[in-house]
Amino acid sequence: MFRRIFGEITGARLSRMPYFGYTVLLTAVLVVVVFAIVASIAGLENISQGNITAIEKRFAERTGGPFVIAFMLFMLALLFAHFNLMAKRLRDIGFPGWPVVLVIFVGIAALSAVIGEEYAGTMNTLVWLVLVLIPGNAFANRPAVEQNGD
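Residues numbered from 1 in each chain as written. Predicted model: local features only at pLDDT ≥ 70, side-chain atom pairs only at ≥ 80, totals over all residues. Heavy atoms only, no water.

Caption draft 1: Representation of the packing of helix α5 (residues 97–114) against helix α6 (residues 117–133) in the model. Where α5 meets α6, the axes come as close as 7 Å, and the angle between the chain directions of the two elements is 155°. Taken together, α5 and α6 sit at an angle that is classed as roughly antiparallel. Seen from α5, the contacting residues are I104, I108, L111 and S112; seen from α6, they are E117, Y119, A120, M123, N124 and V127. When grouped by side-chain class, the residues that make up the contact of α5 with α6 number seven nonpolar, two polar and one charged. (Axes fitted to C-alpha atoms, helices over the stretch in contact; angles between N-to-C directions. Helix = DSSP H or I, 4+ residues; strand = E, 2+ residues; numbered from the N terminus. Parallel < 35°, antiparallel > 145°, perpendicular 65-115°, else oblique. Contact = heavy atoms within 4.5 Å. Nonpolar A, V, L, I, M, F, W, Y, C, P; charged D, E, K, R; others polar.)

Structure, rendered in structure tokens:
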């Protein structure tokens, strides 16, 4: 499973259902990690009786720089995994994988900067739906079908 998500960078393809499943799995992992962080902060709040300054101080004391670095590395790993799955799915549809992922990423980042983040989130959802719904080889270069009797 880890090889499927993080490996096979250059030639692999991924059909619709595995793409759907792996992206849902990555989202679930992200939700669990964020929930654990929020729960630990909520626990600190109970200890600090709601004093936000004390919560920030205790959280910084307990976690600090190593936590921030580890969380950023975790988020980068999830981003790479998501892009890798997207590239595999795009190859299965018939597009070149990584160049199209780069175009999508730059386009959505530009949309977020120019119009607003809420529209970028909508575009992310639309891209995901397109990748889930379009069948494999939909845009593959196939020879024209010969018709008899012309």
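Caption draft 2: Just the packing of aromatic side chains, in detail. Under the criterion given, the structure shown has four aromatic pairs. Between F20 and W128 the ring centres are 5.7 Å apart and the planes differ by 40°, which places this aromatic pair in the tilted class. Of this pair, F20 sits in helix α2 (residues 16–48) while W128 sits in helix α6, placing them 108 residues apart in sequence. Accessibility expressed as a relative area gives 24% for W128, which makes it partly exposed. Ring geometry for F71 against F74: centres 6.4 Å apart, planes inclined by 35°, an arrangement best described as tilted. Within this pair, F71 and its partner F74 are both found in helix α4 (residues 64–93), separated by three residues, close to a single helical turn. (Phe/Tyr/Trp six-rings, centres within 6.5 Å; stacked < 30°, edge-to-face > 60°. Buried < 20%, exposed > 50% of the residue type's maximum accessible area, 1.4 Å probe, protein only.)

None of the figures reported here should be taken as evidence of function without further support.
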